[in-house]
Every structure is written in structure tokens, then in C-alpha cells.
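# Structural overview
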Number of protein chains: 4
Amino acid sequence: MLTEIMSSIFGRFFCVSTFGESHGQAMGCVIDGCPPGINISTELIAKDLQRRRPGQSRLTSNRKETDEFQILSGVFEGKTLGTPISILIPNSDARSKDYRPFKNVYRPSHADFTYDAKYGHRDWRGGGRASARETVARVAAGAIAKQVLKQLHQIQILAWVDSVGPFNAEIDPTTITHESIESSMVRCPSPDDSQKFIEHIELVRRKKDSTGGIIRGYCTGIPAGLGSPVFDKMEAELAKAMLSIPAAKGFEIGSGFSGTRRLGSEHNDQFVKDGSVIKTLSNHSGGIQGGISNGMPIDFRVAFKPVATIFKSQTTVDSSGNETNIAPKGRHDPCVVPRAVPIVEAGAALVLCDQLLAQNAIDWSH
Amino acid sequence: MLTEIMSSIFGRFFCVSTFGESHGQAMGCVIDGCPPGINISTELIAKDLQRRRPGQSRLTSNRKETDEFQILSGVFEGKTLGTPISILIPNSDARSKDYRPFKNVYRPSHADFTYDAKYGHRDWRGGGRASARETVARVAAGAIAKQVLKQLHQIQILAWVDSVGPFNAEIDPTTITHESIESSMVRCPSPDDSQKFIEHIELVRRKKDSTGGIIRGYCTGIPAGLGSPVFDKMEAELAKAMLSIPAAKGFEIGSGFSGTRRLGSEHNDQFVKDGSVIKTLSNHSGGIQGGISNGMPIDFRVAFKPVATIFKSQTTVDSSGNETNIAPKGRHDPCVVPRAVPIVEAGAALVLCDQLLAQNAIDWSH
Amino acid sequence: MLTEIMSSIFGRFFCVSTFGESHGQAMGCVIDGCPPGINISTELIAKDLQRRRPGQSRLTSNRKETDEFQILSGVFEGKTLGTPISILIPNSDARSKDYRPFKNVYRPSHADFTYDAKYGHRDWRGGGRASARETVARVAAGAIAKQVLKQLHQIQILAWVDSVGPFNAEIDPTTITHESIESSMVRCPSPDDSQKFIEHIELVRRKKDSTGGIIRGYCTGIPAGLGSPVFDKMEAELAKAMLSIPAAKGFEIGSGFSGTRRLGSEHNDQFVKDGSVIKTLSNHSGGIQGGISNGMPIDFRVAFKPVATIFKSQTTVDSSGNETNIAPKGRHDPCVVPRAVPIVEAGAALVLCDQLLAQNAIDWSH
Amino acid sequence: MLTEIMSSIFGRFFCVSTFGESHGQAMGCVIDGCPPGINISTELIAKDLQRRRPGQSRLTSNRKETDEFQILSGVFEGKTLGTPISILIPNSDARSKDYRPFKNVYRPSHADFTYDAKYGHRDWRGGGRASARETVARVAAGAIAKQVLKQLHQIQILAWVDSVGPFNAEIDPTTITHESIESSMVRCPSPDDSQKFIEHIELVRRKKDSTGGIIRGYCTGIPAGLGSPVFDKMEAELAKAMLSIPAAKGFEIGSGFSGTRRLGSEHNDQFVKDGSVIKTLSNHSGGIQGGISNGMPIDFRVAFKPVATIFKSQTTVDSSGNETNIAPKGRHDPCVVPRAVPIVEAGAALVLCDQLLAQNAIDWSH
């Protein structure tokens, strides 16, 4: 049996520590390093939790978490103190009995087997710590990070569903607003593509199956000069944040995988002066060069696999290695991407807030 | 102007600190946390440096770095001491004058502009710290990490070129050896695909242009139970390591982006018992579930953009914002992927070594 | 205004994140990195909280915190899971109105001024985050750490009051038990010295004044080979842990300050073989040599200043710089050391647990 | 056998990684996080190395290290780049044969035994990594840190010898200059006390014995608001830095151990307004309250034990546990404090530079 350090802590400046098992008493987080004097709107936190919440539409799991939360510290008279902010989100609608029959069964493409291999003692109820319920805490922390980014730098983070199964949306990112995303049940701002996505998700659900999809993230208002060269490049930190989301299998920045097929002469982003600002004509770089933001929008995509829990019968083994069948009941989404949109936004907000706070007070121009 | 912390330090256990500008005196690294008693072969380090070296074939830059290195500390009587290992690699064939004309010019899709935005004071010679010459230090550190992985766990790391420009190789990873990779000038173990790749690279070079490509990494001998849930998932750490390589634009683990198009019933990896070992029939998970290794090979891909330096004339601006033209001379590769193979291997070795050492001595089975 | 990173996080393996303001809703901590499979006794946590609690004797503040706590995650069926353990301790008897008159006054030798200088926005109620109430969270975390140390290695941590004001105890540490310490109202295991300490504390209280004191820590059962050379030496980590306790002003290990007056020939600890074990005849090293434990008891002392809050009138300034007088009411201890004993123990437990888990699983003897 | 993480890395912002064994090829450091645009005087580095160097006076070891150094990266055209600064200091006068007879002997109060217990494989030549030769790298890094502190904030760090053996100096810190310290062979700015110290050191040397002493550190020009509450308090970081120096056994800030004997009414530092600045009349706090600087001088003391190597014969055991005698030859100081003065300064400089850079660029006053 093995153990690990700091696996539930993210960030070095805006440092978020999360806790909670899916069917335990509560989920939550502690944010150490949030700057003082930020006005905190609890309504904005509630909104992001609502976007992540199961049961929000007919496409999602019908677990009934209200995700009511409490801020226990770090905010005084509506403003942050600079001290740790702790947020508590009780678990209220856990149905552990749904999981009891599979207590010793290794569900295919779940983390039951690997948690057993690593820790020996495992909370089998609802996936325990490996459940995507864990992400409720990062969405809460991300909602604080978004308020910091907005109040200090007018930085805005958007994400939307870019593909579901075999269907891809055609989207001009410069036209997208938070409202155009939220007007769609699948969080795709193009109504036509949105319709295709919904139909595909309903189809796979009827087949007791699941599907994957891709989310695009798009961050504007970023000053040039954020991020670090070498190992902590901004795209590297974003990649880590995204691949740490349950079910994420891929990340690309700017032109990504498709850019590999281009010629350098087509792919290079030409610098031009626009008023007093240096910018680039194209943005294949995705807003980052040499690990450092260049002031253009940060543009990335995240791939999510089909949900592992399906209601079809599957063959697997139990913890003694005996072959067995499993046909879960529980309450599960046939496609994770609509609910993962605020999780992707939260991840980007945590990275950008961390990078923003990594700036140093010294005016080097002396 | 801003600054940043620990941007040139990677890992928490097998902790590597790198230094050096492309045309400065030397590159190098310090490894803190390498276990004691590991036999160090300097020949294996030299081999990996040779694989990364410019001038190794007609496809690569003809800068003539011999990459001779010295181990200054941490190894005594051929074995590691457990104290920091420092490795020094002098720069010998820097031609800074090639860069003088572009000293104040922001080369397209390079990091000149962002370094200026961040630091103000910049070493313009050969790209300074932003040059891919930086990777020589991580290849040296990776060569130590590989020896730790081999001696402690028989873990092996392979990487090869999976695509160049529009051409993709068809490769069965279970048949690949280090030798079959190295027998190809482009480090693609399939001779037919290798030939197509070489032709494409030569074509773009003749056009004074460049192309991108994809590298596949494949790690075997991994025990189940390595890696951490939540933020430091093994795939998240790999994604960070890979996106920190210059020119990397994307990462995918297991089924990656293409897996998003599948149904869950096709995509799930079925557990079976094979002798005394639990394994999976397919490996769409890429060897990792819930952030923790499951004992199957770790299988990932990394996208590299076309090299930014091309010999065609391009329009850009200088540091005063004036429009200017640039047609670099210098010595550059038309395609980075053949030389990036040992860099990808090194990145994976650093992550796996870090995760391996994160295991704790306590026998939790008490 | 400035901010800081990770100021409320301690440890790299057994990583404790604490939160809470003195008169806010709750105090608490999250422990990331606790090994799985440890049996958790909530009673032992309650006992240590009780030892730290105000109102436990006539010598201490009569704030009435019951310090009831909840474990919200990380423990399942009585055993740790290896996932983050969160502990919540609500604040119940805060009397913020006692502090309102001094809201803008900088109390002498308190942190009101420095918090204002750093953060601008400050929770003035009961000292906010600067209150020693913060230590309730580390005592809770320490009580978990003690159980890890006991179950994995039979390591025991004791601390007791070694001096109060001008009075010093004469104590043979090898004779001390937890019970002999707890039988004294001031937590000094020598009844005669205990009596002198109590009389001195009562005297200064009658004078509306306060006094300081020294606590000695003594840890047994430590295996040789724990701790790190160079910057993270075990005594360095202990020094940091101790100086992070509110009111702590000094730390010494082994012979400490008095050892500076000796000759080397008197001070050196001679090695001898005792059965199969190598030990030393004297222990001026305090159980640590070159930053690494040598198997002898770890023996250290911590100096605590006189409590800053006294009921005598004092002159100071307010946040506008105007001179003013202050004669606090509130509820305060005339001497902090009796209640600080479990805090010192907790600090040592956190350091030792961190160092214990820093051991690596690999058997280097291969 | 065990291993440890990051034991040779100090700081989170101004992050210093050191390497080197006493009789290996070289000592050195890499500084990651130094701000760009700082003018670097190599002369100031050379001066501090000279102050630490053996052979500088008749009181010190006559090992003949010239401590010539090279800056390999991070400085361009005389100014820092913001990239890692690496400094190399070759070992030139190692006499390993002096140590060969004691290769398997555990010297009393040295780290031979504990390194063997921890690592198994040990460089016995000159104490290897446990030698105080290691501190040459932190003095070099500290000399860079001092230049950052001076150029950005006019912060000055002084240290001097405050006691040797049983003799204590009487010193008014406000009168001390770098020159008054350096004019004394023992680095005590009071000529009378200096004379007593020299006589005592010469006496113990004639007796083939050694003595300890105390160094006082004094830092001025510190702005109010540096440092962190809770675990990373400025005094806690200083304590860690000081206790990580070889032979250090104690640390106190402000009134320290002697303050424990005072009444609160005597000990409290009264705030007053002095022009536009809030300061305190006394400085028992040592310039820090609640972990945060208050703008008064930071005032601390560090205890050093008598040097463990003495030329008298001593009894000990070898690695097989056999009793043996040892009477080292080698070249050693009878008292470490005169040469430890620049090491203490370097430690304080590293802490203050780290804390200074921890300040955040955001203007919270919005």
C-alpha cells in the first residue's frame, strides 16, 4: 500500500485544498492565499454550483443535491480578509444502498480497483473520493477565483460544449457570451449544434449507454506577461488542471493536434501593432508563447470520455478476482460535458488566479 | 514587469532544478531527492544527450554541440549518495552573431515578445532561456530517472514519432523496442511510415518551411497503485510535463480525443484475472484510472506544432512596435519531433520517478 | 497592501491546512496525506482539545468553548481512507462586543497593527485570525498525527512546563509520564515546582499583569535516520513549528544556548554499543545530528513571552495614529504555558509525522 | 534506508537549490525566482565568500580554499534576467587522505552515524554533504539576496559575535556598522569584548579543545507588513533558516528566553507615532508581531555549539559497533562563530528576500 502528498491541493498562491467523499457528511474546500478586500457575492457561487448540480435538466443525473453551502471563514463584512476561506457543502441526497451490491466489485473504467491497489481501505459508497462529486468543491473555489480575476483585471472565463459524440459545433468564439451558453440545455451556444447534441445524448441514454464530448475554454482580458517559462508554463498548468478533472482524456491549446498538420508559414502568428498594443493576426498559439500569455485570448479544448457508468450489463471481476456481472442502477449522466462546463471554467480560473497572484509587487523598471 | 516562482523546478520528490541560457556559459540541472545506492551509468546519459543533440542526422539543425557533461556531486564510487546530483553541460558552439540583427525583433510564434513583457531584460542570443536548448538539462535528468526506474522496478519508457505533418503511422505498441525506434532517422519504428515522414520533412525544408508532428509515449512495468487522486492525478502530471516541452500543443492519454466519439459500452475497459494479476482487456484508459496506475502500459500522445523558425521571409514588429521583416539564418530543424523523442521520454521518466518515490515506506497492511 | 502564499498550510506529506477567525463561525483543518488504515479515536482528539481549552482551571481564561468537533471526511468505518481528513470546530462563546471599543486601537505587542499594514481589511473581533484560538485546529490535527506516530512506530511525544517567570523546574525527563504532567494544574510534573509556578501565576494575575515561561518537549521511540540534511533538518523544522505558535520567542534543541558555554570535549556525545543498538552516553545533541535523528530522545525547549493582554492601563495609538489608552476587559490567561503544552506537542507531532511519511518505500539495500 | 524530498532547497519565491560534497568536484547553487534587472556585483559575492573562507585569520582552519566562483547563467550584461542563476564554486584544497583512517568510524557529535542510518552509502571524505563546507553555496546565494534587498528596499542585514564560551559582549546594536564588525578578527564590534573572545578561542585551541558562541543578527530598513501569519510567520522562517546551519542549537527573536522572566507590563512594546510612521518605544518583539514585520529592526540571536572536531583523543564506535579511539588531524576551527557570521547573514537574507518577493503586485486599495 502506498500514500501520496498533497494530492488534493491545487495552486501555489491561490492555494485550494479540497476534501470530501461522495456519500460522506460534506464536501468542501479551504482557499489559502486569496487577496484581501475582494467583494464576495455568494450568489455567484450559488449560480456556478447550480450549473454543476445534478438534476438541473432532463439530460443529467437525478440525484437531488441542493448544494447549499456555507462560508465558514475568511470573509468579513462581505469582503475577503486575506485569511483562509473555507466553504462547506453538505451531502444531502446520498443513496449509499444503491452501491452496496457492488461494494467489492471493480466497475469497468472506474477507480475502484486502483484505489484498492493504492490505499487498501476504500469508501465504496458512490465512488467515495473518486466520485465526480469531488468537483463541487473546485467549482466553489473557482467561483471565488472568478471574482478575484474580474475585480482585479476584468478577466473573463467562458467554456462551452464543442462536440458530443461524433458531432462537432462550428463556433466563432468572439461572439459567445455567458448567456448564449446558458440558454442551451447542453451548454452549446449554437442552437443547431445544440439540438444535435441533445438528440445524441437522448439516443445513447435510451440505449442504456453513454457518450463523450469536448469542451472549449476561452479566456479574455489576460494581460501579456502572465505565466512562467520552462516547467510551469501557463499551458502546462492548464493541461494539469484539465486532466485532473474526472473523465478528462485530452487537452490542446490553440491549434493543438490539428496544428501538427500545418506548415510553419501557415501556423506562425504574425505580430502587428494595434493602437498602442502589440497583438497577433491569428491565434494558433492560443494566447500563450513560451509559457507566457501574449495578451490574446487563451483558447483551449478538453476531451471527456464516455461516462463509465452505463446501465447495460458488463462483465468484470470482484476484489477476489472472481468474474462477475454488473448492471448499475444509481443515478448517472449519459454524457458528462454539459455539467463539466463550469468545472472546466473553475479549473481555468484557479490557474489564472494563481498566475495572476504570482506577479510580484516590485516595480522592476527602477 | 512581473516575476514568478519555481518555474524551472520540476517534481516534489525527484526534484529537478534546471538552468542555462542557449548562448550562455552552460546548461545544467540539480536533482534533489534521488535515492541513494543507484548505480549511475554515464554512458546512458551520454546516449540520451546524443539522441537529442543537433547535427545527429541530415534532418536536424547543424549546430555542433557535443554535449559533453560533468557530474559535479551526488555520485560517489559509481553510486548515488542520496544528496543532490548536479550535472553541467557547457555550451560550446553558440553563434550569437546570427541573432544580433533580430535582437529587438519579435520573431513570430517565438517567446521574444512575452519574455520582454514579463521580464524587461532579455537575453536575445539564440532565444536565451526560451530556446529548446533548455531541454538538454531535462534529458540529462531524465537519463538519471530512467536508471532509477529500471533498477527499482524494471519500468521502461519508450517514445516514437507517430505522425509527421499529414502522415500517420500505424503501429502496434506491443512490438516496439528501443532498437526498432533508433534504427529510424525520424525515430518511427515502422520503416514504411518512417520513409514517408523523412520525405515530408525534406520537402518542407526545401520549401524553407517547417512541419509539426505527434509523438507517442509508452511506459511498461508500472505497478498498480502509483499516482494520486484529485489534483495530482498521474495523467495530469504527465500532461503538465508534456505541455512544458517547447512547441508542445496537445496531450492525450489512452483513447484521448478520438475516445470522445465512442459509446461507453465500447470504451469501457473490462477487468479480467490473468494468473494472479488483475488487468483489463482493452486499454482505452491508457493505464490510469482515477489518477492512479492500474498496471497496464501508460499510453499517451503529444502534439508538436511546426517549428516557428522558418527561412521564408515573414512580417512582424520590433520592440518599438515598428513593422519589419525577418528571414532568419541560424541553424534550425524543419521538424522537431525526431529530436523531441528523448525529451518526451525524459518528461515521462521524471513524472514516473516522482510518483514512484511518492510511495511511502510504511506497510499499511498492519 | 501585500499578500502571501500558503501561510496556513504546514507540512509536505502530512499536510495540514487550517482556517478560522476567533469570532467567526468555525475553526478547522484539512489534513492531506494521512496514511490509510489508521484507527482514529475521537476520544483522543477530544482529550487534547480539552487540555488546550480555556476555562479548564482557575489559572486560565474563562471563555467557555466546549470545542466540540466533527470529522467531515477521510475516516470511514473508524479508519482513515488516505483521503483528506477535515475537522470542524464551531466557535460558540465569542463575545465580540468586548472588542468593539478597541476596534481601531493597536493593542501593544498584538498583531492588530501588522495585520492592518499587511491586509488593510481586518477582523478586529477577538484578534481574528491572529488569535491563539487558531491553535485549536493544529491541536486537532496534532491529535491525529499522534495516533499515526503511535500506531506506526510507538513514537510518543510529551511536553511540560519547565519554567514560569523566574522559576525553573528541575526535572529528569526519563521519569516523566503523561499522567504525571496532567496531574498538575500548570502541567509541570514536579509537585514542588508546580506549586511555585501556580503561586507566581496567581500573583501576576492579582497584579493585573502577566508572565512568560518555557515548555520542554521530549519525544521517544524515534528511529535513527528520520529527517533531512541541509535546509530541512529535523531541528530546523521543529524550530519553525515552535516559532509559529503565538507568543513563542525562542527555541533550543539539546544543550541549546547553555551549550555554547561548554568545551567541545565536555559537549560531544560519545557513541557506544548497547546490545544491538548504537546510542550515545549523553544527549547534548538532543537526538539529532546533521539534521537526522540518531535514535536518542528528541529534546527541545520553547520560550513563551508574557501574555500581551493585561488588564492594566497602557498607552498606545489607534489606526489614525492618535495616542490613546487601553485597559482591555475580555477573558485572558495571565500565563500561556499551561495551555500551550498540548500545542507544543501538536507541533512536534506534525513535524515528526511529516518526517516519518517522508521515508520512502524503496528498500535501498538492494 | 530512507530518503527525503527537497532537503537542499530553500525558499518558495527566491528559491535556492544547493549541491556539493566537501571533497567532491564542486559546491554550488541555483537560484530560481530572482527578479530581473538587478545589478549584480561579483565583488560583493567574493567578499562574503572571503569572510566565510577558512584560512582568513589565525583563529580559523587552514584549509586553503580560494573559493573562486563562476556565474553560469541568469546574469546578462551585468543584470539578472529573471531566469535561474547558477553559481559554481570548485573544491580545490581537499585532503581526503586525512579522513581515510576514520572512514568507518562514527565521530562523536558528527553526522557520520545518522547519514549511514539514513542513506547507507556515504561520502566519508571530509564529512561529505554534512560538512559545513556546504554553507559556501548559501553564502553565495545570500550575497545575491543581499543585493536584491539593498536595491529594492534599502534593507541591510548585519550580524556579529555576541558571545564566545562564557563571555558575553555588551553591544548597542544601533551603533554597529559592517566596518566595525569586520575590523575585529572574531567579528565582534566591541574591541574589549573582541579581545576576551580571541583570548578564549586561543586558550581552547591550545588545549586541543573547542568552544561555542552566540551570533546576533540585526536587519534594518524592513517595511511593515512583510511575512505571514500562522505557520509561515517571519520568525518561524528565520528560526528554520538558522537551525539549518551546521552546529546551530538555538534561536531567539527579540527578548527570547530572557523575556520569559518579565512581566507583561514591562515586556509589551508601546506604539507611538513618530512623524508619519507608527513605531514602538521598545523592541522586545524583535521587529515582528503575529508573524508580520512591524517596521522595527528584526533582532535575533543564534546559539552555536562547540565545534565537534577536537584534537583530543575520544572514545567512540565504528560502523560495526566496535569501540575505538579517534584523535582527528585534519584542519578545523576551535570556534565556529567568527566564520559563521556571513552564514547567519546569508540565512537572514534568503528569508527576507523570499518574504519580500512574496508580496503581490496587486494594489488591494482599489
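This report concerns the structure included in the present document. Computed from a predicted model, the values in this text were never measured in an experiment. (Residues numbered from 1 in each chain as written. Chains lettered and ligands numbered in written order. Predicted model: local features only at pLDDT ≥ 70, side-chain atom pairs only at ≥ 80, totals over all residues. Heavy atoms only, no water.)

## A look at the packing of helix α3 (residues 135–153) of chain A against helix α9 (residues 337–357) of chain A
All names here are of chain A. Our working definition: For helices, the axis comes from a line fit to the C-alpha atoms of the stretch in contact; other axes are also lines fit to C-alpha atoms, and the angle between any two N-to-C directions lies between 0 and 180 degrees. Here a strand is any run of E in DSSP of at least two residues, a helix any run of H or I of at least four, and the numbering for each starts at the N terminus. Throughout this description, any angle smaller than 35 degrees is read as roughly parallel, any larger than 145 degrees as roughly antiparallel, any in the 65 to 115 degree range as roughly perpendicular, and the remainder as oblique. Crossing chirality is assigned from the near helix's rotation relative to the far helix, an anticlockwise turn below a right angle marking it left-handed and a clockwise turn marking it right-handed. Working rule for contacts: check all heavy atoms of both residues, and any pair within 4.5 Å makes them a contact. Any residue outside Ala, Val, Leu, Ile, Met, Phe, Trp, Tyr, Cys, Pro, Asp, Glu, Lys and Arg is labelled polar, Gly included; the first ten of those are nonpolar and the last four are charged.
For the pair α3 and α9, the least separation of the axes is 7 Å and the interaxial angle reads 50°. The pairing of α3 with α9 is recorded here as oblique in orientation. Judged by the twist between their axes, the crossing of α3 over α9 is left-handed. The segment α3 lies against α9, with Thr135, Arg138, Val139, Ala141, Gly142, Ala145, Lys146, Val148, Leu149, Leu152 and His153 engaging Pro342, Ile343, Glu345, Ala346, Ala349, Leu350, Leu352, Cys353 and Leu356. Of the residues assigned to the contact of α3 with α9, the class counts are 14 nonpolar, three polar and three charged.

## Let's talk about the packing of aromatic side chains
Condition: Aromatic rings from Phe, Tyr and Trp, with only the six-membered ring used for Trp, were paired whenever their centres fell within 6.5 Å, and each pair was classed as stacked if the ring planes differed by under 30 degrees, edge-to-face if by over 60, and tilted otherwise. Look at NZ for Lys and CZ for Arg. If either is within 6 Å of the ring centre and within 35 degrees of the ring normal, a charge sits over the ring.
Summed over all chains, the structure comprises 36 aromatic pairs over all chains. When the centroid spacing of 5.3 Å and the interplanar angle of 65° are considered together, the rings of Tyr106 of chain C and Phe113 of chain C count as edge-to-face. These aromatic residues form a ring-pair network of at least three members: Tyr106 and Phe113 of chain A together with Phe271 of chain B. The ring of Tyr119 of chain A has Lys118 of chain A lying over it, and the distance from NZ or CZ to the ring centre is 5.8 Å.

## A look at the interface of chain D and chain C
Applicable threshold: Two parts placed together each lose some accessible area under a 1.4 Å probe, and adding up what both lose gives the buried area. By definition here, a salt bridge exists when the distance from a side-chain nitrogen of Lys or Arg to a carboxyl oxygen of Asp or Glu is within 4 Å. For the purposes of these results, a polar contact is taken to be a pair of N or O atoms within 3.5 Å, where, inside protein, one atom must be able to donate a hydrogen and its partner to accept one; residues adjacent in sequence count only when each atom of the pair is a side-chain atom.
Between chain D and chain C, the contact holds 109 residues from the first and 109 residues from the second. Taken together, the two surfaces of chain D and chain C that pack against each other cover about 8800 Å², and 63% of this comes from carbon and sulfur. The tally of links from chain D across to chain C stands at four salt bridges. Between Glu237 of chain C and Lys240 of chain D there is a salt bridge; the shortest N-O distance is 3.1 Å. Connecting chain D to chain C are 33 residue pairs in polar contact (both at pLDDT 80 or more). Counted by class, the side of chain D that touches chain C contains 46 nonpolar, 40 polar and 23 charged residues.

## Considerations on the relation of the copies chain D and chain C
How we decide: Least-squares superposition of the copies uses the C-alpha atoms of those residues scoring a pLDDT of at least 70 in each of them.
When chain D is fitted onto chain C, the two copies agree to an RMSD of 0.0 Å after a turn of 180° and an axial shift of 0.0 Å. Taken together, the rotation and translation describe the operation of a two-fold axis. When the interface residues of chain D are mapped onto chain C, 100% of them again lie at the interface, so the same face is used by both copies.

## Describing the interface of chain B and chain A
Tallying the contact residues gives 110 residues for chain B and 109 residues for chain A. Across the chain B to chain A interface the summed buried area is about 8800 Å²; carbon plus sulfur atoms make up 62%. For chain B, the biggest contributors to the area lost against chain A are Phe231, Lys249 and Phe257 of chain B; these three give 10% of the whole. Where chain B meets chain A, there are four salt bridges. Here Lys240 of chain A makes a salt bridge to Asp232 of chain B, at a shortest N to O gap of 3.0 Å. Our count for the chain B to chain A interface comes out at 33 residue pairs in polar contact (both at pLDDT 80 or more). Partitioning the side of chain B that touches chain A into residue classes produces 47 nonpolar, 40 polar and 23 charged.

## Some remarks on the relation of the copies chain B and chain A
When chain B is fitted to chain A, the best match, at an RMSD of 0.0 Å, comes from turning it 180° and sliding it 0.0 Å along the axis. Taken as a fraction of all interface residues of chain B, those also at the interface in chain A reach 99%, which identifies the copy contact as same-surface.

## Side note on the pattern of salt bridges
Keep this limit in mind: The classification of residues rests on relative accessible area computed with a 1.4 Å probe and restricted to protein chains. Under 20% of the type maximum is buried, over 50% is exposed, and intermediate values are partly exposed.
Taken as a whole and assessed by the stated rule, the structure comprises 97 salt bridges over all chains. Across the pair Asp48 of chain B and Lys146 of chain B runs a salt bridge whose closest N-O atoms are separated by 2.7 Å. Here Asp48 of chain B is found in helix α1 (residues 42–52), whereas its partner Lys146 of chain B is found in helix α3 (residues 135–153), with 98 residues between them in sequence. Each member of the pair, Asp48 of chain B as well as Lys146 of chain B, carries the same accessibility label: buried. A single salt-bridge network, built from bridges that share partners, covers Asp48, Arg51, Lys146, Glu182, Arg187 and Glu345 of chain A.

## With respect to helix α2 (residues 112–119) of chain D
In an α-helix, one full turn covers 3.6 residues, which means residues spaced three or four apart are oriented alike. For α2 of chain D, a buried count of seven out of eight residues is recorded, marking the element as mostly surrounded by other parts of the structure. On the buried face of α2 of chain D, the contacting elements are β12 (271–274), β13 (277–280), β14 (288–289) and β15 (292–293) of chain C. Positive backbone phi, approximately 80°, marks Gly120 of chain D, located one or two places after α2 of chain D.

## Some thoughts on the side chain of Glu252 of chain B
Here Glu252 of chain B lies in strand β11 (residues 248–253). For Glu252 of chain B, a relative accessible area of 7% gives the class buried. Polar side-chain contacts of Glu252 of chain B include one of 2.8 Å to the backbone nitrogen of Phe257 of chain B. With residues up to four places along the chain from it excluded, the contact list for Glu252 of chain B reads Lys249, Gly250 and Phe257 of chain A together with Phe257, Ser258, Asp299, Phe300 and Arg301 of chain B.

## Focus: the packing of helix α1 (residues 42–52) of chain A against α9 of chain A
Residue and element names in this part refer to chain A. Here α1 crosses α9 at 140°, and the two axes come no closer than 7 Å. Accordingly, the angle class assigned to the pair α1 and α9 is oblique. Of α9, the residues touching α1 (which contributes Asp48, Arg51 and Arg52) are Arg339, Val341, Pro342, Ile343 and Glu345. Within the contact of α1 with α9, the residues separate by chemical class into three nonpolar, no polar and five charged.

## So, the sheet that holds strand β7 (residues 85–90) of chain D
Residue and element names in this part refer to chain D. Just so we agree on the cut-off: The pairing criterion for strands is at least two bridges between them, as found by DSSP.
Strands sit in the order β1-β2-β3-β7-β4 across an open sheet of five strands; the sheet is antiparallel. Both outer strands of the open sheet, β1 (9–10) and β4 (70–73), are each paired with one neighbouring strand and no more. Of the strand pairs in this sheet, β4 and β7 are connected by three bridges, and their pairing is antiparallel. In the sheet register, Ser73 faces β7, and the bridge partner there is Ser86.

## As for the state of the cysteines
Between two cysteines, a covalent bond joining their sulfur atoms is known as a disulfide. To be explicit about the condition: We call a pair of cysteine sulfur atoms a disulfide when they lie within 2.5 Å.
This model, assessed by the stated rule, comprises zero disulfides over all chains. Free cysteine Cys29 of chain A: the closest other cysteine sulfur is in Cys34 of chain A, separated by 11 Å. Between Cys15 of chain C, a cysteine without a disulfide, and Cys15 of chain A, which holds the nearest cysteine sulfur, the sulfur-to-sulfur distance is 7.5 Å. Judged by its relative accessible area of 1%, Cys15 of chain C falls in the buried class.

## Points about the pairing of strand β16 (residues 298–304) of chain D
All names here are of chain D. Judged by how many residues are buried, β16 sits mostly within the fold: six of seven residues are covered. In the sheet, strand β11 (residues 248–253) pairs with β16 via five bridges, with the strands oriented antiparallel. When the bridges of β16 are listed, Ala248 appears paired with Phe304.

## Points about helix α3 (residues 135–153) of chain C
Residue and element names in this part refer to chain C. Heads up, the rule is: The span you would expect from a helix comes to 1.5 Å times its residue count less one.
For α3, built from 19 residues, the straight-helix expectation of 27 Å at 1.5 Å per residue is met to within 8% by its first-to-last C-alpha distance of 26 Å. In terms of burial, α3 is largely enclosed, as 16 of its 19 residues are buried. Downstream of α3 by a residue or two, Gln154 has a phi angle that is positive, lying close to 55°.

## Quick notes on the environment of Ile31 of chain C
Residues and elements named next belong to chain C. Relative to the assigned elements, Ile31 resides in strand β3 (residues 26–32). The class for Ile31 is buried, based on a relative accessible area of 0%. Measuring from C-alpha to C-alpha, the distance between Ile31 and Leu226 comes to 21 Å, with 195 residues separating the pair along the chain. With residues near it in sequence (within four places) discarded, Ile31 still touches Phe14, Cys15, Val16, Thr83, Pro84, Ile85, Ala141 and Ile144.

## Observations regarding the sheet that holds strand β16 (residues 298–304) of chain A
In space, the ten strands of this open sheet follow the order β9(A)-β8(A)-β10(A)-β16(A)-β11(A)-β11(B)-β16(B)-β10(B)-β8(B)-β9(B), with antiparallel pairing throughout. In the strand order of this sheet, the two ends are held by β9 (167–168) of chain A together with β9 (167–168) of chain B, each with one partner. As paired strands, strand β8 (residues 156–164) of chain A and strand β10 (residues 213–220) of chain A are joined by eight bridges and run antiparallel to one another. Across the sheet, the residue bridging to Gln156 of chain A is Thr220 of chain A, located in β10 of chain A. Here helix α6 (residues 234–243) of chain A sits on the sheet in contact with β11 (248–253) and β16 of chain A together with β11 of chain B, set at roughly 160° to β11 of chain A.

These figures capture arrangement, not role.
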